[in-house]
Amino acid sequence: MAAIGDEEETITIEPLEVPTPERVPEPEKPQRELVPA
Amino acid sequence: MSSSLPDERRLINVNGQWIDGLVGYRCWRSGGGLLRSVVKGSWLQQVHADRALCTPYSGVTSHVHGPVEGCKCGYFAWYSPHSSWENFAARYFYHGEIVAWGKIIKHELGFRAEHYALSALYMHDGMEGRLEVVTQLADRYDVPLVRVDPTSPGMKYFPDRG
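As the structure is a prediction and not an experimental result, all values here were calculated from the model. (Residues numbered from 1 in each chain as written. Chains lettered and ligands numbered in written order. Predicted model: local features only at pLDDT ≥ 70, side-chain atom pairs only at ≥ 80, totals over all residues. Heavy atoms only, no water.)

## With respect to the overall build of chain B
Inference 1: Check the secondary structure of chain B and you find two helices and eight strands.
Inference 2: Counting from the amino terminus, chain B carries its helices and strands in the arrangement β-β-β-β-β-α-β-β-α-β.
Inference 3: Across the 162 residues that make up chain B, the buried fraction comes to 51%.
Inference 4: Contacts spanning at least 24 positions in sequence make up 61% of the contacts within chain B whose residues lie at least 6 apart.
Inference 5: Accessible surface, chain B: about 7800 Å² in total, of which carbon and sulfur atoms supply 50%. (Helix = DSSP H or I, 4+ residues; strand = E, 2+ residues; numbered from the N terminus. Buried < 20%, exposed > 50% of the residue type's maximum accessible area, 1.4 Å probe, protein only. Contact = heavy atoms within 4.5 Å. Areas by Shrake-Rupley, 256 points an atom, 1.4 Å probe, with all protein chains shown as cover.)

## A short note on unusual backbone geometry
Residues and elements named next belong to chain B.
Inference 1: Following Gly66, the chain continues to Pro67 via a peptide bond in cis, the omega torsion being 0°.
Inference 2: By the element assignment, Pro67 lies in the loop between strand S4 (43-44) and strand S5 (75-78).
Inference 3: With a phi angle near 50°, Asn15 is a residue other than glycine that sits in the positive phi range.
Inference 4: The residue Asn15 is located in the loop between strand S1 (9-14) and strand S2 (17-31) in this model.
Inference 5: Residue classification places Asn15 among the exposed positions, given a relative accessible area of 71%.
Inference 6: In the Ramachandran plot, Asp142 falls in the positive-phi region, its phi being about 55° despite a non-glycine side chain.
Inference 7: By the secondary structure assignment, Asp142 is in the loop between helix H2 (131-141) and strand S8 (145-147).
Inference 8: Residue classification places Asp142 among the exposed residues on the basis of a relative accessible area of 69%.

## As for H2(B)
Residue and element names in this part refer to chain B.
Inference 1: Of the residues making up H2, those classed as buried are Val134, Leu137, Ala138 and Tyr141. Projected down its long axis, H2 shows its buried positions confined to an angular sector of 100°, all on one face. What points out from H2, more than 90 degrees from its buried face, is the exposed set Glu132 and Asp139.
Inference 2: Buried residues in H2 make contact with S2, strand S3 (34-37), S4, strand S6 (94-107), strand S7 (110-123) and S8.
Inference 3: Of the residues one or two after H2, Asp142 is the one with positive phi, at around 55°. (Arc of directions from axis to C-beta.)

## Thoughts on the interface of chain B and chain A
Inference 1: Residue-level contacts link 38 residues of chain B with 16 residues of chain A.
Inference 2: At the boundary of chain B with chain A, total buried surface from both sides reaches about 2400 Å², with 59% on carbon and sulfur atoms.
Inference 3: Our count for the chain B to chain A interface comes out at one salt bridge.
Inference 4: Measuring nitrogen to oxygen at the nearest pair gives 2.7 Å for the salt bridge that ties A:Glu7 to B:Arg112. (Buried area = accessible area lost by both parts, 1.4 Å probe. Salt bridge = Lys/Arg side-chain N within 4 Å of Asp/Glu carboxyl O.)

## Re the environment of B:Pro144
All names here are of chain B.
Inference 1: Along the chain, Pro144 falls in the loop between H2 and S8.
Inference 2: Here Pro144 falls in the partly exposed class, since its relative accessible area comes to 31%.
Inference 3: Residues Pro144 and Ser119, 25 residues apart in the sequence, show an inter-C-alpha distance of 7.3 Å.

Shown next as structure tokens:
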């Protein structure tokens, strides 16, 4: 590539810090009661 | 130092991370279904370029990654698409829009960046014979193929801003 002119300024662009959504624990499944046959 | 240099930003998602990157304009050659750097011949393997490397072409070998002040390394881009067309004839090259991040050295007319992602490819008069190729390239990188008029002074296209 060519011709972008003289250097003038240096910057740094970092990824944004986006809060990670808190993981909601899945509700416990009720234990199935064993029914005698 | 100057604070009056262009600073057009665009929010992109790169591998799950949001980046408010700097918009720029580049051009490439094509081959093998990929875009290829005009100067160095490196290929753009995916929509996000690998971290810029300094090569012997740059003239300074004391560092590995670019851009570095006083060197010629990093991914070059212009602030305006018109600069891209003025430097590389639209009839021979593929022009498009990028979003850059990481370390960026701003120059008067453009910048050198550590990272960039392709955000759009352009289609314009004079490319009729290459329509199939540029369409395949846009599909390959999954970016918009945008019909533009390089003769329009205000020509700019931002896919996410209408």
